[in-house]
Amino acid sequence: MSIIKPDALRAGKAGRILARIEDDGFRVVALRLVRLTRAEAEGFYEVHRKRAFFTDLCDFMSSGPCIALALERDDAIVRLRDLMGATDPSQAVQGSIRKDFGVSVEQNAIHGSDGPETARVESRYFFSDLDLVR
Ligand code: CMP
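Procedures and definitions
Residues numbered from 1 in each chain as written. Predicted model: local features only at pLDDT ≥ 70, side-chain atom pairs only at ≥ 80, totals over all residues. Heavy atoms only, no water. Helix = DSSP H or I, 4+ residues; strand = E, 2+ residues; numbered from the N terminus. Rg over C-alpha atoms; globule rule 2.2 N^0.38 Å. Buried < 20%, exposed > 50% of the residue type's maximum accessible area, 1.4 Å probe, protein only. Areas by Shrake-Rupley, 256 points an atom, 1.4 Å probe, with all protein chains shown as cover. Phe/Tyr/Trp six-rings, centres within 6.5 Å; stacked < 30°, edge-to-face > 60°. Lys NZ or Arg CZ within 6 Å of the ring centre and 35° of its normal. Pairing = 2+ DSSP bridges. Axes fitted to C-alpha atoms, helices over the stretch in contact; angles between N-to-C directions. Contact = heavy atoms within 4.5 Å. Disulfide = S-S within 2.5 Å.

Engineer: Explain the overall build of the protein chain residue by residue, including any values.
Structural biologist: Counting its regular elements, the protein chain contains 7 helices and 4 strands. From first element to last, N terminus to C terminus, the protein chain shows the α and β order β-α-α-β-α-α-β-α-α-β-α. Taken over C-alpha atoms, the radius of gyration comes to 14 Å for the protein chain, in line with the 14 Å a tight globule of 134 residues would show. When its C-alpha atoms are laid out on the principal axes, the protein chain stretches across 35 × 35 × 25 Å. Residues counted as buried form 43% of the 134 residues belonging to the protein chain. Summed over its atoms, the accessible surface of the protein chain is roughly 7,200 Å², and 52% of this surface lies on carbon and sulfur atoms.

The following block contains the structure:
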């Protein structure tokens, strides 16, 4: 499960980011352009509620449209993490999505689930089983 974040859409980079995901061998099984409400952003990032950056993160994630993606490939969690690069774009490896398109640790272009169970829960946040096209 991935989200192309509002900074990337504002900058007109969503297509380029999606192309990188496809080029890496991921299959898109669901895709949705969505503008999260503040409450929906809070729900998505509930696990981070106690963190100092939570308010700013939710403001940012509800500041414009984003693209939710349900993705599949072998070893998807690890492969997407490698493709994205480190959370902080300044620490991300050359050629990674966050290195090339991220602006800051908050506006870092893309989200990816950190494990299979998280991916299932996050996918459910945006998609029903009927939305998943395999
Ligand atoms: P993401 O993969 O979407 O998961 C949680 C997000 O919180 C993360 O990417 C960052 O965009 C954001 N984040 C993590 N750490 C910080 C931080 N120290 N300051 C601001 N935002 C952060």
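Engineer: Help me get a handle on the packing of aromatic side chains, residues and values and all.
Structural biologist: Evaluated as defined, the whole model comprises 5 aromatic pairs. For the pair Tyr 125 and Phe 126, a centre-to-centre distance of 5.7 Å together with 75 degrees between the ring planes defines the contact as edge-to-face. Residue Phe 126 is classed as buried on the basis of its relative accessible area of 5%. Taken together, the aromatic side chains of Phe 44, Tyr 45, Tyr 125, Phe 126 and Phe 127 make up a single cluster linked through ring pairs. Directly above the aromatic system of Phe 26 lies the positively charged group of Arg 73, at a separation of 5.6 Å from the ring centroid.

Engineer: Residue-level account of the sheet that holds strand S2 (residues 27-34), with values.
Structural biologist: An order of S2-S3-S1-S4 is seen for the 4 strands of this open sheet, with the pairing classed as antiparallel. Of all the strands in the sheet, just S2 and strand S4 (110-112) have a single pairing partner and so form its edges. Within this sheet the neighbouring strands show an average axis-to-axis angle of 15 degrees, counted without direction. Note that strand S1 (residues 2-4) and strand S3 (residues 66-72) share 3 bridges and pair antiparallel. Paired with Ile 3 across the two strands is Ala 68, which belongs to S3. Of the strands in this sheet, S1, S2, S3 and S4 touch helix H2 (residues 14-23), which is tilted by about 5 degrees from S3.

Engineer: Help me get a handle on the environment of Phe 44, residues and values and all.
Structural biologist: Here Phe 44 is to be found in helix H3 (residues 38-44). With a relative accessible area of 9%, Phe 44 lands in the buried category. In contact with Phe 44, other than residues within four places in its own chain, are Ile 3, His 111, Glu 122, Tyr 125 and Phe 126.

Engineer: Explain the pairing of S3 residue by residue, including any values.
Structural biologist: Across the 7 residues that make up S3, a large majority, 6, are buried. Where S2 meets S3, 7 bridges bridge the pair, whose relative direction is antiparallel. Of the residues in S3, the one forming a bridge with Arg 27 is Glu 72.

Engineer: Got a sec to walk through the state of the cysteines? Specific residues and values, please.
Structural biologist: Using the criterion set out here, one finds 0 disulfides in the structure. Considering cysteine sulfurs only, Cys 66 is the nearest to Cys 58, which forms no disulfide, with 12 Å between them.

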